[in-house]
Amino acid sequence: MTDLIWLNGEIKPLSDARLGVEDRGFQFADGVYEVIRIYNGRLFALPEHLDRLERSCGGIMMKMLIDRQRLAREIEQFIAKTGVKEGMIYLQITRGDSPRNHAFPQCPQTTLFYARPLPPTAPAGGQSGVKLYSVPDERWKRCWIKSVALLPNVLAKNTALAAGADEAVFVDDGVATECSSSNLFVVRQGALLTTPVGAKVLPGITRLVVLALAKELGIPATERPISEAEAISADELFITSTTREIGWVASWNGKPVSPGRCGAITLKLHKALQERIRRETQSPQR
Ligand code: PDD
């Protein structure tokens, strides 16, 4: 039963879901989304994702009409129905379906979510290293909004894939901002560095958790712009996202970056992240 969708309050097979041609998500990319990880049939960091969803709605001048508590309950019940134990929820809210007009319509929002199974993530340090590739950051200045307008990210990712890499790093005026679907961290002299969230960086939930874990572990962390040159010459590099957790970086623009394996601090943080996930999703349900 994994191929179900929750669409405006109704659960149905994904293949039976119908959306209007004039849905604003389709015509204007007028909507926001979230990707939430499911471990052991439970959602990881749901409150943080819902906080960001509300902020994203505010960012596109749209009040989130579905009640937050109800949304959380519906997603939890939905996951139980699908039987997905390891996977993700894709959730999207658009301004709704209305005759095409740039002016905001008066119509119900389109709210939907569905689950997708994912293979369990490999143990910390067990994945192969990520290959990064630089692309110019030509996105808008509101990257803190998790907007469905992802064409620049899609183009960047595919530029990286065409170059034989796995993930694109956006470079804005010499600053390595973030990646096409992940945040970027570097380690220099035992300390973490990451570009601040805002105009050019999404407030990643994994990033947030990693910064909190660094604090607990006594690893100093600074949020400031990181130049591409500084990143490439760092002691360790890693990227973070909901689906990937932490991915250590092996190369940048085809050149190996040190130390050529998962670095000690990256490994420590990834172990701590997996322990946090285990604690939050394997404990008996309240
Ligand atoms: N992407 N930066 C961008 C541009 C992203 O699209 C994402 C997530 C992140 C990491 O955020 P988080 O830790 O909350 O997943 C950073 C999701 C997973 C996606 O679009 O599939």
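First, a word on scope: everything that follows refers to the structure included in this document. None of the values given here were measured: they were computed from a predicted structure.

## Structural notes on the overall build of the chain
Next, step 1: A count of helices and strands for the chain gives seven helices and 15 strands.
Next, step 2: On C-alpha atoms alone, the chain measures out to a radius of gyration of 19 Å, which is about the 19 Å that the 2.2 N^0.38 rule sets for 286 residues.
Next, step 3: Principal axes of the C-alpha set define a box for the chain whose edges measure 55 × 45 × 30 Å.
Next, step 4: Residues counted as buried form 50% of the 286 residues belonging to the chain.

## Observations concerning the nonpolar core
Next, step 1: Ranked by size, the top nonpolar core spans 26 residues in total, and within it Leu71, Ile89 and Ile93 carry the most contacts.
Next, step 2: Mapped onto this core, the elements with two or more residues apiece are β1 (4-7), β3 (31-39), α2 (46-59), α3 (68-82), β5 (87-94) and β6 (110-117).
Next, step 3: For this core, the leading source of residues is α3, giving five residues.
Next, step 4: The next biggest cluster of nonpolar side chains, apart from the first, holds 20 residues, and it includes Val187, Leu192, Val209 and Leu211.

## Some thoughts on the environment of Gly164
Next, step 1: Here Gly164 is to be found in the loop between α4 (151-162) and β8 (167-172).
Next, step 2: What makes Gly164 partly exposed here is its relative accessible area of 44%.
Next, step 3: Separated by 33 residues in sequence, Gly164 and Lys131 place their C-alpha atoms 8.1 Å apart.

## Quick word on the packing of helix α5 (residues 205-217) against helix α7 (residues 264-282)
Next, step 1: Orientation of α5 relative to α7, taken along the N-to-C sense of each, is 110°, at an axis distance of 10 Å. With respect to α7, the axis of α5 lies roughly perpendicular. In this structure, α5 contributes Thr206, Val209, Val210, Leu213, Ala214, Glu216 and Leu217 to the contact, and α7 contributes Lys268, Leu269, Ala272, Leu273 and Arg276.
Next, step 2: A per-class count over the contact of α5 with α7 returns eight nonpolar, one polar and three charged.

## Overview of the pairing of strand β7 (residues 130-136)
Next, step 1: Note: β7 against strand β14 (residues 245-252), three bridges, orientation parallel. When the bridges of β14 are listed, Val130 appears paired with Val249.
Next, step 2: A crossover connection joins β7 to the parallel β8 through α4; in handedness this β-α-β unit is right-handed.

## Quick notes on the site of the ligand
Next, step 1: Inspection of the region around the ligand gives 18 residues, with Tyr33, Glu178, Ile205, Thr206 and Thr242 positioned closest.
Next, step 2: Tyr33 places a side-chain nitrogen or oxygen 2.7 Å from an oxygen atom of the ligand.
Next, step 3: In the model, an oxygen atom of the ligand is placed 2.8 Å from a nitrogen or oxygen of the Ile205 main chain.
Next, step 4: Split by residue class, the shell around the ligand holds five nonpolar, 10 polar and three charged.

## Quick look at the pattern of salt bridges
Next, step 1: Summed over the entire model, instances satisfying the criterion amount to 15 salt bridges.
Next, step 2: Note that Glu10 and Lys12 form a salt bridge whose closest N and O atoms lie 3.8 Å from each other.
Next, step 3: Residue classification places Glu10 among the partly exposed residues on the basis of a relative accessible area of 48%.
Next, step 4: Residue Lys12 is classed as partly exposed on the basis of its relative accessible area, which comes to 23%.
Next, step 5: The residue Arg278 makes a salt bridge to Glu275 at a minimum N-O spacing of 3.0 Å. You can see Arg278 and its partner Glu275 sitting in helix α7, three residues apart, about one turn around the helix.
Next, step 6: Here the salt bridges do not stand alone but share partners, grouping Asp137, Arg139, Glu178 and Lys200 into one network.

## Some remarks on the sheet that holds β3
Next, step 1: The antiparallel open sheet is built from six strands, whose spatial order is β2-β1-β6-β5-β3-β4. A strand with exactly one partner marks an edge of an open sheet, and here the two such strands are β2 (10-13) and β4 (42-43).
Next, step 2: Two elements, β5 and β6, share eight bridges in a ladder whose sense is antiparallel. Across the sheet, residue Gln92 finds its bridge partner in β6, namely Leu112.
Next, step 3: α2 contacts β3, β4 and β5 of the sheet and is inclined by roughly 175° relative to β3.

Criteria and thresholds
- Residues numbered from 1 in each chain as written.
- Predicted model: local features only at pLDDT ≥ 70, side-chain atom pairs only at ≥ 80, totals over all residues.
- Heavy atoms only, no water.
- Helix = DSSP H or I, 4+ residues; strand = E, 2+ residues; numbered from the N terminus.
- Rg over C-alpha atoms; globule rule 2.2 N^0.38 Å.
- Buried < 20%, exposed > 50% of the residue type's maximum accessible area, 1.4 Å probe, protein only.
- Core = buried A, V, L, I, M, F, W, Y, C linked by side-chain atoms within 4.5 Å.
- Axes fitted to C-alpha atoms, helices over the stretch in contact; angles between N-to-C directions.
- Parallel < 35°, antiparallel > 145°, perpendicular 65-115°, else oblique.
- Contact = heavy atoms within 4.5 Å.
- Nonpolar A, V, L, I, M, F, W, Y, C, P; charged D, E, K, R; others polar.
- Pairing = 2+ DSSP bridges.
- Right-handed = clockwise from strand over helix to strand, strands pointing away.
- Near = heavy atom within 4 Å.
- Polar contact = N/O pair within 3.5 Å; in protein donor to acceptor, adjacent residues only side chain to side chain.
- Salt bridge = Lys/Arg side-chain N within 4 Å of Asp/Glu carboxyl O.

These figures come from the coordinates and say nothing about function on their own.
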